[in-house]
Amino acid sequence: MELLQQTLQQIQAVDQDMMVKARERVDALSKPPQSLGKLESLAVQLSGITGELFPNIDQKAMIVMAGDHGVYEEGVTNNPQNVTVFQTLSFPKGLTGVCAIAKITNAKVVTVDVGVKEDLPTDAGVLIKKVKYGTDNMAKGPAMTREEAIRSIEVGIEVATEQIKNGINLLGTGEMGIGNTTPSAAILSVIHNCDPLKVTGFGAGVGAGGIEYKAEVIRKAIALNKPNPQDPIDILAKVGGLEIGGMAGVILAAAANRVPVVIDGYISTIAALIAYKLEPNVKEYIIPSHMSEEPGAKIAAQLLDIEPMLQMNMRLGEGSGAALAFPILDAACSMMKNMATLEESMLLLSK
């Protein structure tokens with residue numbers, strides 16, 4: 001709890017003065033006003049986050065949090081639970097979707113076991129930060145204790161902070177955990193105060209009972225555990241996931257260290273909601289990547305008042321959409337650094 005509190009206290013608003021300077025430069029570039037659209041607002045945001053007119057984001061890392069879910073017992077997905085283990089071990093080998101996409105910007109992929117159901121080999125290239133062997137079945141009781149929920153967040157803080165200390169200046173969030181759209185929908189249902197059916201989707205493969213059954217399991221879990229809508233840690237503990245907590249911690253650490261963090265789709269956005277509920281200033285450090293195909297993704301983005309930049313019909317997870325957005329941020333930085341203002345152009349041409 002101490003690490004979480006220290007991190008929350010470190011988070012400050014972005015540098016508004018630098019954002020004004022960045023906007024002035026963007027507006028002075030040799031182009032019609034707003035003609036580069038979201039690249040312009042991204043450049044201004046990056047300047048506000050880093051405090052630099054010409055931000056440097058040349059050292060990138062995707063942090064992928066892996067954890068299993070006890071609610072799998074309820075048949076909410078048709079995917080075998082051992083896929084979590086298989087995929088978690090595949091990340092360090094560079095064999096997954098996010099790894100393939102991350103390669104285009106030389107981003108490293110850091111894989112963290114925050115709650116995989118099985119013990120993983122210690123030499124597999126996965127950081128072993130296991131809080132517990134998967135969550136408990138939220139349809140029968142709390143997914144985890146409050147202490148375990150806090151610890152999952154602190155794992156994310158620890159891993160992200162270590163990466164930043166080693167020179168990483170752009171982070172992305174990703175996850176691996178069969179069944180994790182179920183706790184994501186549960187968290188969103190509580191925060192948004194809506195019926196689970198409104199935010200429950202197909203996921204990576206819905207179980208035999210269909211989406212209606214999946215929503216009913218979530219309804220049952222919320223009624224049983226009664227998470228406090230005003231307490232994000234209580235929500236995470238009662239109906240959440242360890243990897244969701246881990247990603248929330250990554251986002252908090254990024255904000256505390258003034259480093260931009262790109263979030264992936266539905267599950268990453270739910271983690272961002274948890275982080276935002278803990279400290280509202282965190283939102284200014286978040287860069288949303290793509291709009292997931294999951295029905296709750298749009299609602300979660302609206303609650304955060306963020307607009308994903310990509311519409312790619314993706315729903316893989318892993319951080320794949322976040323990694324895909326990295327080159328766009330590179331382009332925003334290149335615009336600031338390499339594009340001349342009208343005044344600069346005239347000076348150069350007059351020589």
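Above: the structure in question.
The structure contained in this document is the topic of the report that follows. Keep in mind that what you see is a predicted model, and the values were worked out from it rather than measured. (Residues numbered from 1 in each chain as written. Predicted model: local features only at pLDDT ≥ 70, side-chain atom pairs only at ≥ 80, totals over all residues. Heavy atoms only, no water.)

## Let's talk about the overall build of the protein
Then, in step 1: Helix and strand content of the protein: 14 helices and 6 strands.
Then, in step 2: The globule rule puts the C-alpha radius of gyration for 351 residues at 20 Å, and the 20 Å found for the protein is close to it.
Then, in step 3: With the C-alpha coordinates of the protein rotated into their principal frame, the extents come out at 75 × 45 × 40 Å.
Then, in step 4: Summing over all exposed atoms, the protein offers an accessible surface of approximately 14100 Å²; the carbon and sulfur share of this is 53%.
Then, in step 5: Mean positive and mean negative side-chain charge positions of the protein (30 and 39 charges, respectively) differ by 2 Å. (Helix = DSSP H or I, 4+ residues; strand = E, 2+ residues; numbered from the N terminus. Rg over C-alpha atoms; globule rule 2.2 N^0.38 Å. Areas by Shrake-Rupley, 256 points an atom, 1.4 Å probe, with all protein chains shown as cover. Lys, Arg positive; Asp, Glu negative; His and termini not counted. Charge placed at Lys NZ, Arg CZ, Asp CG, Glu CD.)

## Observations regarding the environment of Leu4
Then, in step 1: Within the fold, Leu4 resides in helix H1 (residues 2-10).
Then, in step 2: Given the relative accessible area of 0%, Leu4 is considered buried.
Then, in step 3: The sequence separation of Leu4 and Ile104 amounts to 100 residues, and the corresponding C-alpha distance is 34 Å.
Then, in step 4: Beyond its immediate chain neighbours, meaning those up to four positions away, Leu4 contacts Ile150, Ile153, Glu154, Ile157, Ile233 and Leu252. (Buried < 20%, exposed > 50% of the residue type's maximum accessible area, 1.4 Å probe, protein only. Contact = heavy atoms within 4.5 Å.)

## Brief notes about empty space enclosed by the protein
Then, in step 1: One pass over the structure, following the stated rule, counts 1 cavity of 30 Å³ or more.
Then, in step 2: As a volume, the largest cavity reaches approximately 50 Å³.
Then, in step 3: Forming the walls of the largest cavity are 13 residues, and the residues nearest its centre are Asp264, Gly265, Thr269, His290 and Pro308.
Then, in step 4: Elements with a contribution of two residues or more to the lining of the largest cavity: helix H11 (266-278) and helix H12 (295-304).
Then, in step 5: Across the lining of the largest cavity, the residue classes tally to 7 nonpolar, 5 polar and 1 charged. (1 Å grid on protein atoms, 1.4 Å probe; cavity = no way out; pocket = protein on both sides within 12 Å on 5 of 7 lines; lining within 4 Å. Points joined across faces, edges and corners; volume = space filled by probe spheres on them. Nonpolar A, V, L, I, M, F, W, Y, C, P; charged D, E, K, R; others polar.)

## Focus on the pairing of strand S1 (residues 60-67)
Then, in step 1: The buried fraction of S1 is high, at 8 of 8 residues.
Then, in step 2: On S1, burial covers both faces: Lys60, Met62, Val64 and Ala66 on one face and Ala61, Ile63, Met65 and Gly67 on the other are all buried.
Then, in step 3: Summarising the sheet, S1 and strand S4 (residues 170-176) pair through 7 bridges and their orientation is parallel. Within S4, the residue paired with Met65 across the bridge is Glu175.
Then, in step 4: Here S1 runs beside strand S2 (residues 108-115); their pairing, made up of 7 bridges, is parallel. What sits directly across from Met62, in S2, is Val109. (Pairing = 2+ DSSP bridges.)

## Regarding the packing of helix H6 (residues 146-165) against helix H9 (residues 232-239)
Then, in step 1: Closest axis-to-axis distance for the H6/H9 pair is 8 Å, and the angle between their directions is 105 degrees. Relative to H9, H6 is oriented roughly perpendicular. For the pair formed by H6 and H9, the contact residues are Arg146, Ala149, Ile150, Ser152 and Ile153 on the first element and Ile233, Asp234, Leu236 and Ala237 on the second.
Then, in step 2: Partitioning the contact of H6 with H9 into residue classes produces 6 nonpolar, 1 polar and 2 charged. (Axes fitted to C-alpha atoms, helices over the stretch in contact; angles between N-to-C directions. Parallel < 35°, antiparallel > 145°, perpendicular 65-115°, else oblique.)

## A short note on the pattern of salt bridges
If charged atoms from side chains of opposite charge come close, those side chains can pair.
Then, in step 1: A full pass over the atoms with the stated rule returns 18 salt bridges.
Then, in step 2: Between Lys140 and Glu73 there is a salt bridge whose closest N-O contact spans 3.8 Å. You can see Lys140 sitting in the loop between strand S3 (127-128) and H6 and its partner Glu73 sitting in the loop between S1 and helix H4 (83-90), a full 67 residues away along the chain. With respect to class, Lys140 is no different from Glu73; both count as exposed.
Then, in step 3: For the salt bridge of Asp195 with Arg219, the shortest nitrogen-to-oxygen distance reads 2.8 Å. Of this pair, Asp195 sits in the loop between helix H7 (181-192) and helix H8 (210-225) while Arg219 is found in helix H8, placing the two residues 24 residues apart along the sequence. (Salt bridge = Lys/Arg side-chain N within 4 Å of Asp/Glu carboxyl O.)

## Quick word on the sheet that holds S4
Then, in step 1: Reading across the sheet, the 6 strands line up as S3-S2-S1-S4-S5-S6 and stay open at both edges, with parallel pairing between neighbours. The strands lining the two open edges of the sheet, one partner per strand, are S3 and strand S6 (286-288).
Then, in step 2: Packed on one face of the sheet, helix H10 (residues 242-256) meets S1, S2, S4, strand S5 (261-263) and S6 and runs near 175 degrees to S4.
Then, in step 3: Sheet strands in contact with helix H13 (residues 320-338) are S1, S4, S5 and S6, and its direction is about 165 degrees off that of S1.

## What about the nonpolar core?
If you look at soluble globular proteins, the nonpolar side chains tend to sit buried side by side.
Then, in step 1: Membership of the largest hydrophobic core comes to 77 residues, with the highest contact counts inside it found for Ile63, Leu171, Ile187 and Leu252.
Then, in step 2: Element by element, the count of residues in this core is highest for H10, at 11 residues.
Then, in step 3: Formed by 37 residues, the second largest nonpolar core is a distinct cluster that contains Ala22, Leu120, Cys333 and Met336. (Core = buried A, V, L, I, M, F, W, Y, C linked by side-chain atoms within 4.5 Å.)

## What about H1?
Then, in step 1: Residues Leu4, Thr7 and Leu8 constitute the buried set of H1. Down the axis of H1, the buried side of the element spans an arc of 100 degrees, and every buried residue falls inside it. Across H1 from its buried face, at more than 90 degrees, point the exposed residues Glu2 and Gln9.
Then, in step 2: The secondary structure elements touched by the buried residues of H1 are H6, H9, H10 and H11. (Arc of directions from axis to C-beta.)

## Points about unusual backbone geometry
Then, in step 1: Notably, Lys226 is not glycine yet its phi reads approximately 50 degrees, a positive angle.
Then, in step 2: For Arg258, which is not glycine, the phi torsion reads 55 degrees and is therefore positive.

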